[in-house]
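Chain and residue survey
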Amino acid sequence: MTGSPDTTGRDALAYAASRLVRHSAEFGPPPSLAGAGPEARLVLMAGEAVILRADPHLTGTALLTPDEAERAGERAVEIFLGRVEERPVFAGAVTEEAASLFPAPGYRALDLRALVGEGAVAREEQGLIATAKSLLAWHARHRFCGNCGSPTVVAAGGFRRECGGCGLHHFPRTDPVAIMLVRRGDACLLGRGPHFKPGMYSCLAGFIEPGETVEDAVRRETREETGVAVGAVAYHASQPWPFPASLMIGCVAEGLTETVRTDPDELEDARWFSRAEVARMIAGAHPEGLTVPPPTAIAHLLLHDWVEGVIAAAPRPQA
Ligand SMILES: [Zn+2]
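None of the values given here were measured: they were computed from a predicted structure.

A look at the pairing of strand E9 (residues 160-163)
- Judged from the four bridges that link them, strand E8 (residues 152-155) and E9 form a sheet pairing that is antiparallel. Looking at the pairing, Val-153 lines up with Glu-162 of E9.
- When E9 meets strand E10 (residues 169-170), the two strands line up antiparallel, connected through two bridges. By the bridge assignment, Arg-161 is partnered in E10 with His-170.
- In this structure, the hairpin formed by E9 and E10 is closed by a connection of five residues, where Gly-167 is found at a positive phi of approximately 80 degrees.

Focus: the packing of helix H5 (residues 275-283) against helix H6 (residues 298-307)
- At a minimum axis distance of 10 Å, the contact between H5 and H6 shows a crossing angle of 130 degrees. Between H5 and H6, the angle falls in the class oblique. The two elements H5 and H6 cross, and the hand of that crossing is left-handed. The residues of H6 that touch H5, namely those facing Arg-275, Val-278, Ala-279 and Ile-282, are His-300, Leu-303, His-304, Trp-306 and Val-307.
- Looking at the contact of H5 with H6, its residues break down into six nonpolar, two polar and one charged.

Notes on the coordination of the zinc ion
- Around the zinc ion, the donor atoms from the protein are Cys-145 (SG), Cys-148 (SG), Cys-163 (SG) and Cys-166 (SG), and they sit 2.2 to 2.4 Å away.
- One way to put it: the four donor atoms around the zinc ion meet at angles of 97 to 117 degrees, and that makes the site tetrahedral.
- Mapping the donors of the zinc ion onto the primary sequence yields the spacing C-x2-C-x14-C-x2-C.
- Residue class for Cys-148 comes out partly exposed when judged on its relative accessible area of 37%.

Let's talk about the environment of Asp-111
- The topology assignment puts Asp-111 in strand E7 (residues 107-111).
- When the C-alpha positions of Asp-111 and Asp-305 are compared, they lie 29 Å apart, and in sequence the two are 194 residues distant.
- Those residues in contact with Asp-111 that sit more than four places away from it in its chain are Glu-48 and Ala-49.
- A distance of 2.9 Å separates a polar atom in the side chain of Asp-111 from the backbone nitrogen of Arg-113.
- In terms of polar contacts, Asp-111 uses its side chain to reach the backbone amide nitrogen of Ala-114, at 2.9 Å.

Rules used throughout
- Residues numbered from 1 in each chain as written.
- Predicted model: local features only at pLDDT ≥ 70, side-chain atom pairs only at ≥ 80, totals over all residues.
- Heavy atoms only, no water.
- Pairing = 2+ DSSP bridges.
- Helix = DSSP H or I, 4+ residues; strand = E, 2+ residues; numbered from the N terminus.
- Axes fitted to C-alpha atoms, helices over the stretch in contact; angles between N-to-C directions.
- Parallel < 35°, antiparallel > 145°, perpendicular 65-115°, else oblique.
- Left-handed = near helix turned anticlockwise from the far one by under 90°.
- Contact = heavy atoms within 4.5 Å.
- Nonpolar A, V, L, I, M, F, W, Y, C, P; charged D, E, K, R; others polar.
- Donors = N, O, S within 2.8 Å, 3.2 Å for Na, K, Ca; no water.
- Tetrahedral: all angles 85-135°; square planar, octahedral: opposite > 155°, others 65-115°.
- Buried < 20%, exposed > 50% of the residue type's maximum accessible area, 1.4 Å probe, protein only.
- Polar contact = N/O pair within 3.5 Å; in protein donor to acceptor, adjacent residues only side chain to side chain.

Here's what the structure looks like:
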């Protein structure tokens, strides 16, 4: 099991906590890193990895000083994220190879899954790093206007790009994903994808489509993946998922039917699990070695809160 062993529930969710006061166009023109002075900090992404200052006696940090940032040379893009405790915080992208300019033991380069798995930075910094990664990934893929094909330029500190040809403004995107605990009586519906580690089952999930409500996405995905019909849907919690820029919207849904017909293109298996069985999976004590995702994932929170009764009891299903 990954994640800090002393945290559970919402306090364990990866990327969900952040002390960043985000920049907004309403705050006026953003500062530049060059003009922000020694108090400024920079989150540096080298490809998919974030550069951390590592100290064997302290939790690592991705907030590099301007002097440290200079080492990496020119950034492909540099944006102003906002402020952390009044310090201006920037984010920049460099090549994957530039990570070698930050050698061990003083520095490490970790992708965001390893960062969370190892607890390499304070939890409050995970949200900031996720923001940097998602925004930088968007900039890297939106250098040209989707309307007229002209080059676009960074504006509003990086919270917008503007087209030099047609003048259109482009805004960073977040891709909503519905993830749902489908329950019926004292059981819940879990599935496993072909890429899951052996024995792991999780909540069903899928991207929300244009023009679709969250509730309808929950019903459609559940029916497509398992054939189970879903009635009422309620929101429970959310989690940013920076691969590259998703927002997981955690819901509780009432299953109306029981027969499971798995779509083999989407899932390797799906079935109903009793509350007692899920409790054993969470505890790592299932007799067949079945498991659920770690506490850092919202699927774990949904299952944990259902087993613990945080999620209100379901209405009795109709026979
Ligand atoms: Zn354009």
